[in-house]
Amino acid sequence: MSAKNAFYAQSGGVTAVINASACGVLETARQHPDRIGKVYAGRNGIIGALTEDLIDTSAESDEAIAALRYTPSGAFGSCRYKLKSLEANRREYERLIEVFRAHDIGYFFYNGGGDSADTCYKVSQLSASLGYPVQAIHIPKTVDNDLPITDNCPGFGSVAKYIATSTLEASFDVRSMAKTSTKVFVLEVMGRHAGWIAAAGALAEDHGIPVLVLFPEVEFDQTRFLAAVQEKVERHGFCTVVVSEGAHHPDGRFLAEQGTRDAFGHAQLGGAAPVVANMVKEAFGYKFHWAVADYLQRAARHLASKTDVEQAYAMGRAGVEFALAGHNAVMPTVRRLSNDPYAWEVGEAPLAEVANVEKFMPKEFISADGYGITQACKDYLIPLIQGEDYPPFERGLPKYVTLQNRAVERRLGLFEV
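Summarised in this report is the structure supplied together with it. (Residues numbered from 1 in each chain as written. Predicted model: local features only at pLDDT ≥ 70, side-chain atom pairs only at ≥ 80, totals over all residues. Heavy atoms only, no water.)

### Considering the packing of aromatic side chains
Stated precisely, the cut-off is as follows: Aromatic pairing here means that ring centres of Phe, Tyr or Trp (its six-membered ring) are within 6.5 Å. Orientation follows from the plane angle: under 30 degrees is stacked, over 60 is edge-to-face, and everything else is tilted. The secondary structure listing takes helices from DSSP runs of H or I that are at least 4 residues long and strands from runs of E that are at least 2 residues long, numbered from the N terminus. Any residue under 20% of the maximum accessible area for its type is buried, any over 50% is exposed, and the rest in between are partly exposed; the area is computed with a 1.4 Å probe on protein chains only. Placement of a positive charge over a ring is assigned whenever Lys NZ or Arg CZ falls within 6 Å of the ring centre and within 35 degrees of the normal to the ring plane.
With the rule as written, the count across this model stands at 13 aromatic pairs. With centroids separated by 5.7 Å and ring planes inclined at 45°, the aromatic side chains of Phe7 and Phe100 adopt a geometry described as tilted. With a gap of 93 residues between them, Phe7 in strand β1 (residues 4-10) and Phe100 in helix α4 (residues 90-102) connect regions that are remote in the sequence. Of the two residues, Phe7 and Phe100, both sit in the buried class. Here the aromatic cluster, defined as three or more aromatic residues joined through ring pairs, consists of Phe7, Phe100, Phe108 and Tyr110. We note Arg69 situated over the ring of Tyr313; from NZ or CZ to the ring centre the distance is 4.6 Å. The positively charged end of Arg175 is found above the aromatic ring belonging to Phe172, 4.3 Å away from the centroid.

The structure is reproduced here in structure tokens:
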């Protein structure tokens, strides 16, 4: 059987370790030249496939590819672009298959979250009906940790480590100044519908920090929340609040909603921290500070979790191995075997059970008052933030790689997205 080329693309918000998955895909593919010819990457994700803007990864040295393992963000560019159904937009699917056929692509590796799993599943199902079967494998990635079936998602462990550390360090700062200055610090973190990232901030309580967490899974009650803040400040002299961007009122309105939408049609969020901080200020007059972790939390490769890096690489490697074994429309998963000692293995999930399904914080992970986490949640989180995997440093800064990203010659006409 002659070797087929492969297509790899990154999708959605990037992470500190998504390039480690890319490294796993590319290094594993290079070990099987008899089965996989060249690996083309989509410049700016799936848009690169639609516009035939492909990158020839074979032009990169083995050393450059290896350096992806410790380089953050998306080395090939990512995008927020969700393909509609075949009925709604047949031209895009026909274009994908046209591009794949033109470049002899038989493997499709899509590295992303829930929307990417949906796209990957559609391609796997529809490519055969369009006359050019493609093996489609989804490589899991999302800081939100909300993909189903897999125990956790690559990208989450490093964000959790960053947020837990930042909450602890900032709270030490506040504690030292609380007598005459700031009494309440509010940190806003990512997490539209699931509070996994916010939960990581609560790990600081084991270091004597009074922490309140606002989860998307728990409806926001202003009266109860303000009473909890007052109690913490009166007892400890200060308080730290970790608020998920998806925290919302009982009627479903986000605390942070701006009235705009992103490319996927989701409400554009950002601004929960000042809303909460001003709420506290108006109620009690406490001095406050707030911060939004924003891109810092998902780009912090210098503080990546070693567990996360290893799992991200393993998911990329497993994706290629699944494809070579003839699997299609599947996603490699992390299957937890034990908490202490922590042990895990690679599993497999059908995309039909992954696409458009979100995993939320289970009730048993949230404390009875709704503002903290249980021991069961800590037992789940702590292994995921374990270990340090520092990048090399040069002149005081991390030494990251920037690829050449040489374009593949186009063989088709222009296509507008």
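What follows continues from the structure just given.
### Regarding helix α5 (residues 114-129)
Quick note on the threshold: By definition here, a helix of n residues has an expected span of 1.5 Å times n minus one. Any two residues whose heavy atoms approach within 4.5 Å are treated as being in contact.
Over its 16 residues, α5 runs 24 Å from end to end, which matches the ideal 22 Å to within 8%, given 1.5 Å per residue. Within α5, the full set of buried residues consists of Asp115, Ser116, Ala117, Asp118, Thr119, Cys120, Lys122, Val123, Ser124, Leu126 and Ser127. Here the buried face of α5 lies against α4, β4 (105-112) and β5 (135-140). Two residues or fewer after α5 comes Gly131, characterised by a positive phi angle close to 90°.

### A closer look at the nonpolar core
For clarity, the cut-off: The criterion is simple. A nonpolar core is a set of buried Ala, Val, Leu, Ile, Met, Phe, Trp, Tyr and Cys residues joined through side-chain atoms within 4.5 Å.
Phe156, Ile163, Ile197, Met361, Ile373 and Leu381 are the most contacted members of the largest nonpolar core, which has 41 residues in total. Elements represented by at least two residues in this core include exactly α6 (156-177), β6 (184-189), α7 (196-201), β7 (211-214) and α12 (375-384). It is α6 that contributes the most residues to this core, 8 residues altogether. Phe7, Tyr110, Ala117 and Leu126 belong to the second-largest nonpolar core, a separate cluster that totals 34 residues.

### Details of the packing of α4 against α5
For clarity, the cut-off: The convention used is that axes are lines fitted to C-alpha atoms, helices contributing only their stretch in contact, and that angles between N-to-C directions extend from 0 to 180 degrees. Throughout, the term roughly parallel applies to angles under 35 degrees, roughly antiparallel to angles over 145, roughly perpendicular to angles from 65 to 115, and oblique to all others. Gly is placed with the polar residues, together with every amino acid not listed as nonpolar (Ala, Val, Leu, Ile, Met, Phe, Trp, Tyr, Cys and Pro) or charged (Asp, Glu, Lys and Arg).
In the contact formed by α4 and α5, the axes pass within 11 Å of each other and the chain directions differ by 75°. Between α4 and α5, the angle is such that the two are roughly perpendicular. Across the interface between the two elements, Tyr93, Leu96, Ile97 and Phe100 from α4 touch Lys122, Val123, Leu126 and Ser127 from α5. Partitioned by chemical class, the residues of the contact of α4 with α5 number 6 nonpolar, 1 polar and 1 charged.

### A short note on the packing of helix α1 (residues 18-30) against helix α11 (residues 306-324)
Note the threshold: A clockwise turn of the near helix away from the far one marks a right-handed crossing, whereas an anticlockwise turn of less than a right angle marks a left-handed crossing.
Look at α1 against α11: their axes get within 7 Å of each other, and the N-to-C directions meet at 40°. Here α1 lies oblique to α11, going by the angle between them. Once α1 is placed against α11, the crossing between them reads as right-handed. When α1 is examined against α11, the residues Ala20, Ser21, Cys23, Gly24, Val25, Glu27, Thr28 and Ala29 are found in contact with a partner set consisting of Val309, Ala312, Tyr313, Gly316, Arg317, Val320 and Glu321. The class makeup of the residues in the contact of α1 with α11 is 8 nonpolar, 4 polar and 3 charged.

### Focus: the sheet that holds β6
The strands making up a sheet are joined through hydrogen bonds of the backbone, oriented either antiparallel or parallel. Going by this rule: Pairs of strands are assigned from DSSP output, requiring at least two bridges between the strands.
Taking strand neighbours across the sheet as the criterion, the 4 strands line up as β7-β8-β6-β9 in an open arrangement whose pairing is parallel. At either margin of the open sheet sits one strand with a lone partner, and together these are β7 and β9 (288-292). Put simply, the sheet's adjacent strands are angled 15° from each other on average, direction ignored. Two strands pair when backbone bridges link them, and β6 and β9 are joined in this way by 5 bridges, in the parallel orientation. Bridging across to β9, Leu187 finds its partner in Ala291. The strands touched by α6 are β6 and β8 (239-244); relative to β6, the strand with the most contacts, the crossing angle is about 165°. Packing of helix α9 (residues 272-284) onto the sheet brings it into contact with β6, β7, β8 and β9, and relative to β9 it is tilted by some 170°.

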